[in-house]
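Summary of structural features
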Amino acid sequence: MSARDKLVAGDVGYVIANMKSADEAKIGDTLTDNTHPCPEALPGYKEIQPMVYSGIYPIDASDYEALKTAMGKLQINDAAFTYMSESSIALGFGFRCGFLGLLHMEIIQERLRREFNMDVISTYPSVIYQVTKTNGEELIVDNPSFFPEQQTIAEVREPLVKVFIMIPGEYIGDIMSLVMEKRGEVTNTETIDDTRVMLSCLLPLAEILVDFNDRLKSCTRGYGSMDYEHAGYRPANMVKMEMMIAGDPIEAFATIVHRDKAEGYGRSLAARLKEVIPNQLFVVAIQACIGGKIIARESISAMRKDVTAKCYGGDISRKRKLLEKQKEGKKKMKAIGKVNIPQDAFIKVLKSGD
């Protein structure tokens, strides 16, 4: 390296600036001289809007500051990655992160693990919904906790993507069934050569986030591939589904789903929660609900202490008295008891939801 009076095309240089944090400069910023300032920034750069949002939390709460520093460094060389602080009752302090797509999200998580040795858990990915309320107010919702009450909503619009799927010709029937299952439609079919075809489809972005690519690969034995681009918004019958445990709504498991698929998703989530929440001294109800309507339910049976173990023989009425006393205690516990959900239960459910 050598000092120069000026830089010309092809030179690589650096500027030492009095910046306190990495987020003060963005890729594409125009550098200008204070004595001869540039009247306006050079054209050609624009903010990249994220399409997928997910919460990223450190598994160990003491790693929060280290995770914040790591994300700041990642953002310097990846302008499409955005993050902001948020907190969750279940998972503690973390970040609400924006990505271009699910692949981008996986790359960021992998870089956090490999380059910065960060052990993180991510919440179920969500997309940006446009909501029009009955009073005319327009909302942008990227988090289920900000979704307004159902009776105040006039219209919900979900993001669409145009998906290009290239597959061998013999799998066209299976892929068309998959697209229809995901609430999509095939708009065009094009024959590439003797063996391959390309399908152009219109699909909701939320439907291709999690398992669409995996199922595409499974259906086509690995020969299928896909690409997608943003295609605007359209009205959809979306609802907020909450999970209630012993009557208390759990924010971490709230999600925005299509009304037709809410019941199936609620049943599967309730079944997974039943496996990971420990037994209590009373029966615990796990319920999926939309507004005030319960659409799925599982029950965790109560732990039962053998109160009659010390009764060796004797009159049966003594045993009955002990069992009745236990029954009354359980009834009281159910009225005032509270379920403590261990943090690893949240992590297990989110990981099994992959």
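Owing to the predicted nature of the structure, the values given are computational and were not obtained by experimental measurement.

To continue, consider the overall build of the protein. Broken down by element type, the protein carries 7 helices and 15 strands. Out of the 354 residues in the protein, the part that is buried amounts to 38%. Here the analysis covers contacts within the protein between residues at least 6 apart in sequence; of these, 64% occur between residues at least 24 apart. Surface summary for the protein: the accessible area is close to 21600 Å², and the carbon and sulfur share equals 52%.

This part is about unusual backbone geometry. If you check the backbone angles, N117 has positive phi at about 55 degrees while not being a glycine. Residue placement: N117 occurs in the loop between α2 (102-116) and β4 (120-122). Here N117 falls in the exposed class, since its relative accessible area comes to 69%. A positive phi angle, near 55 degrees, is found at R221, a position not held by glycine. By the secondary structure assignment, R221 is in the loop between α4 (212-219) and β11 (225-235).

Now for the pattern of salt bridges. Inspection of the entire model under this criterion finds 13 salt bridges. Its salt-bridge partner being R183, residue E207 comes within 3.1 Å of it at the nearest N-O pair. Of this pair, E207 sits in the loop between β10 (196-204) and α4 while R183 is found in the loop between α3 (172-181) and β9 (185-191), placing the two residues 24 residues apart along the sequence. Connected through shared salt-bridge partners, E158, R183, E207 and K261 make up one network.

So, on to the pairing of strand β14 (residues 284-290). Summarising burial for β14: 7 of the 7 residues are buried, a large majority. Side chains of β14 alternate between two faces, with V284, I286, A288 and I290 and A285, Q287 and C289 buried alike. By the bridge criterion, 4 bridges tie strand β12 (residues 238-245) to β14 in an arrangement that is antiparallel. Within β14, the position partnered with M244 by the bridge is Q287.

Turning our eyes to something else, we now look at the side chain of S54. Considering the arrangement of structural elements, one finds S54 in strand β1 (residues 52-58). Setting aside residues up to four positions removed in sequence, S54 forms contacts with F95, R96, C97, F99, M105, S122, T123 and P125.

The 4 strands lie next to each other as β13-β12-β14-β15, forming an open sheet whose pairing is antiparallel. In the strand order of this sheet, the two ends are held by β13 (248-258) and β15 (293-300), each with one partner. The mean inter-strand angle of the sheet, taken between neighbouring strand axes irrespective of direction, is 20 degrees. Strand direction decides the pairing type here: β14 and β15, joined by 7 bridges, are antiparallel. Bridge pairing in β15 links A285 to S299.

This next bit is on the packing of aromatic side chains. A full pass over the atoms with the stated rule returns 5 aromatic pairs. Through successive ring pairs, a cluster of aromatic residues spans Y64, F81, Y83, F93, F95 and F99.

Thresholds applied
Residues numbered from 1 in each chain as written. Predicted model: local features only at pLDDT ≥ 70, side-chain atom pairs only at ≥ 80, totals over all residues. Heavy atoms only, no water. Helix = DSSP H or I, 4+ residues; strand = E, 2+ residues; numbered from the N terminus. Buried < 20%, exposed > 50% of the residue type's maximum accessible area, 1.4 Å probe, protein only. Contact = heavy atoms within 4.5 Å. Areas by Shrake-Rupley, 256 points an atom, 1.4 Å probe, with all protein chains shown as cover. Salt bridge = Lys/Arg side-chain N within 4 Å of Asp/Glu carboxyl O. Pairing = 2+ DSSP bridges. Axes fitted to C-alpha atoms, helices over the stretch in contact; angles between N-to-C directions. Phe/Tyr/Trp six-rings, centres within 6.5 Å; stacked < 30°, edge-to-face > 60°.

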